Each structure stands twice: as C-alpha cells, then as structure tokens.
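Secondary and tertiary structure notes
This is what each chain is made of:
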Amino acid sequence: MLYQDTVESEVLVHKPSFIAWVFAVVLAVFLLFNLTGTTIGELMRPVIGDPLESGFYGRLAIAFVIAVVFCFNLVLIGFVPVKVQIGIVWLELLILFLAFFETFDLSLPFIRKNLPFLIAQGVVTTLYVSAISLVFASLVGIVAAVAKLSSNGFTYGIASFYTSFFRGLPLLMQIYLIYLGLPQLGIVIDAVPSGILALSLCVGAYMTEIFRAGIQSIDRGQWEASRSLGFGFGLTMRKIIMPQAFPVIIPPIGNTFIGMLKDSSLVSVLGVWELTFLGRTLGQATFNNMEMLIAVAIIYWILSICLELIQSRIERYYARSKVR
C-alpha cells in the first residue's frame, strides 16, 4: 500500500480460509515435482520407507509436510513487526539458496583463493566502466531529452532517430559495431573505451525518455512563471524544473544503473578484465566453472543490493517534503 492503513483489521495470514487456500496451492505445486530422490526424501524415510520405491504416497507425504511447514511458518511470521518479517523472509530464502548451492559440491578453497583477485580486478573494472558510462549516458540523456522537447524539427529529428536506433539494437551488437566498425573509418578505439562508448550511447537512449518524462511531469505553469520573471533557459532548468523532476527521475535512473552494472558484463567479449571475463577465464582454466559463475553471480548481487540501498536513500532525500 502507498500509505500505512490506520484502520484496524485482521491479519491476512491469520485467517483460516487464506491459510487453507495457501496450503492447497503449495500442496498442488509440490505434487508436480518428485522430491523423493532429494535430501527431503531421505529425511522422510522413517515415514515413507525407501524414497525411490515410495511412489505417489512418498510424493504426497513430502508435499504435505512442505505445505504444513510453509503455512505454519507463514502464521508465525504474522505475529512479528513488518521489518522483522522482512528480515526473517530474507534469512529463510538465503538459507534455501545456500542449501541449493551446496548440492553442486563446490570447491570452496578454490573460490577463496580467487575471490581477492575477482574483487581487486573484476569489481574495480566493472564499477569503473559502469560509473563512467553512467556519467556520459546522463549527459547524453539530458541533451537528447531537451532536444525531444524542442519545437525545432531538426533537433527533434536527430534526438528521436538516436533513441530509436540505440534502443532498437541489441547492446552486444552495438559493442561489436563500435569496436570493429569504427576502425573501418580510421578510428581505432581500445576495448575499454569502446565498451564505455557503447554502454553510454545505449543507456543514454533509455535515459533520454526518463529525463523527458520527468521534465514533462512538471506543470507547464512552472516554466511560464520562471520565464516571466526573466529567468533564462539554463537557470529555469537548473533551479526550477530539474529539482522538481528529480523525485520522478531518480527511481528509473537507479534501476537503469543497476541494469547497466549487469550489462557491463557484455564488454567481456572484447577481452576487458571485468567480473564476467575473469570468472569465465579462471573457471575454464581449472574446470571449476560452476564455482566461478556462482561467485561472480553473488558479487553482482551484492553490488546490486548496495546500489539499491543508495537509491532508496536518495529517493527518501528528494521525497522528504512529501513525508507526513
């Protein structure tokens, strides 16, 4: 809900009808999967006997136990505050993910050995490429957004063609076109600048629409009032329009930057020593591909969480005037 409900009502997860419905759904879902050959089947051996020979009875018993545990957990969580509920759910899901990864029989010493290099080289390069690309993409996005809001047909045509072209082509193709195509014109760019240029132009096209929507969300009267006071275009945008547009712009820009952080993995095709390239290279050399892929995936996830926290703080800062 947008605002916390001040009307007292019964907690949804404490309603018997809701719990019965959830129980039926969970039971039906897990009946579709044969879990008798897993660790859960071994734990249920005293009840179902030999898991591999238990048949439908074993599947039903396992699905029933999972549904009971899930519903019991759901009811208990409903008694604690919301923040504690969120923490419990995150902890439980994290434990399930770790249990899932444990089934891969990973070589933890190999991960610990290569983790410092992944962070020192891969993370630094990934953040470096992403941060510089974000700066250039933002500049391109602002300029193109102003051009698309212009009444000048020439500037609007260029901006609309730019956004259509770079949003219409896959990012990987843009990387190849810049790295392999520009040398045909006598312009030779190294791998890292090529990756940054491709990311900047591609993400800048998406940011163009973000800035355009944010600027257009401000009432036209704000613009007319500032112009009537003698403010120039630059001063009006900087002091009047953009500060009001930032609360609208920040959330999609944050999402775009998180997406760019992951899309930067595509520059690995150029041999840039970012996270994905290092993870793939280190894993292939010793046939520990799964260890490196999982390690890189977790690092990306941690980086995304950090960016989400930064984004939420910025959003709260710009939305402080709306807090009741």
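Residues numbered from 1 in each chain as written. Predicted model: local features only at pLDDT ≥ 70, side-chain atom pairs only at ≥ 80, totals over all residues. Heavy atoms only, no water.

1. Describing the overall build of the protein chain
Regarding its fold elements, the protein chain presents 13 helices and zero strands. In the protein chain, the order of α-helices and β-strands from amino to carboxyl end is α-α-α-α-α-α-α-α-α-α-α-α-α. Relative to the compact-globule value of 20 Å for 324 residues, the protein chain shows a C-alpha radius of gyration of 26 Å, a clear excess of over 25%. By its C-alpha atoms, the protein chain is 80 × 60 × 30 Å across when sized along the principal axes. Sorting the 324 residues of the protein chain into buried and exposed places 34% on the buried side. (Helix = DSSP H or I, 4+ residues; strand = E, 2+ residues; numbered from the N terminus. Rg over C-alpha atoms; globule rule 2.2 N^0.38 Å. Buried < 20%, exposed > 50% of the residue type's maximum accessible area, 1.4 Å probe, protein only.)

2. Quick look at the nonpolar core
Within the largest apolar cluster, 47 residues are counted, with the highest numbers of intra-cluster contacts made by Leu118, Met207, Phe211, Ile249, Met260, Leu275 and Met292. Contributions of two or more residues to this core are made by helix H6 (108-148), helix H8 (171-181), helix H9 (191-216), helix H11 (233-263), helix H12 (275-286) and helix H13 (289-318). Setting aside chain neighbours within four positions, we find Met292 in contact with Phe110, Ile111, Asn114, Leu118, Gly279, Leu282 and Gly283. (Core = buried A, V, L, I, M, F, W, Y, C linked by side-chain atoms within 4.5 Å. Contact = heavy atoms within 4.5 Å.)

3. A word on the packing of aromatic side chains
In total, this model carries seven aromatic pairs according to the counting rule given. Both rings, one in Tyr162 and one in Phe166, keep their centres 5.1 Å apart while their planes meet at 55 degrees; by these two values the pair is tilted. Pair noted here: Tyr162 and Phe166 are both in helix H7 (residues 153-168), with a separation of four residues, about one helical turn. A relative accessible area of 12% means that Tyr162 is categorised as buried. Among the residues examined, Phe166 registers a relative accessible area of 15% and is labelled buried. (Phe/Tyr/Trp six-rings, centres within 6.5 Å; stacked < 30°, edge-to-face > 60°.)

4. Some points on the environment of Ala297
By secondary structure assignment, the location of Ala297 is in helix H13. Considering only alpha carbons, one finds Ala297 and Phe110, 187 residues apart in sequence, at a separation of 16 Å.

5. What to know about H7
Compared with an ideal rise of 1.5 Å per residue, which puts 16 residues at 22 Å, H7 spans 22 Å between its outermost C-alpha atoms and is within 8% of the ideal. Within the span of H7, buried status applies to Ala159, Tyr162, Thr163 and Phe166. The buried residues of H7 all sit within an arc of 90 degrees when viewed along its axis, so they share a single face. In H7, the exposed residues that point more than 90 degrees away from the buried face are Gly153, Phe154, Phe161, Ser164 and Gly168. Where H7 is buried, its residues touch H6, H8 and H9. N-capping of H7 is provided by Asn152, with a side-chain oxygen placed 2.8 Å from the backbone N of Phe154. (Expected span 1.5 Å × (residues − 1). Arc of directions from axis to C-beta. Polar contact = N/O pair within 3.5 Å; in protein donor to acceptor, adjacent residues only side chain to side chain.)

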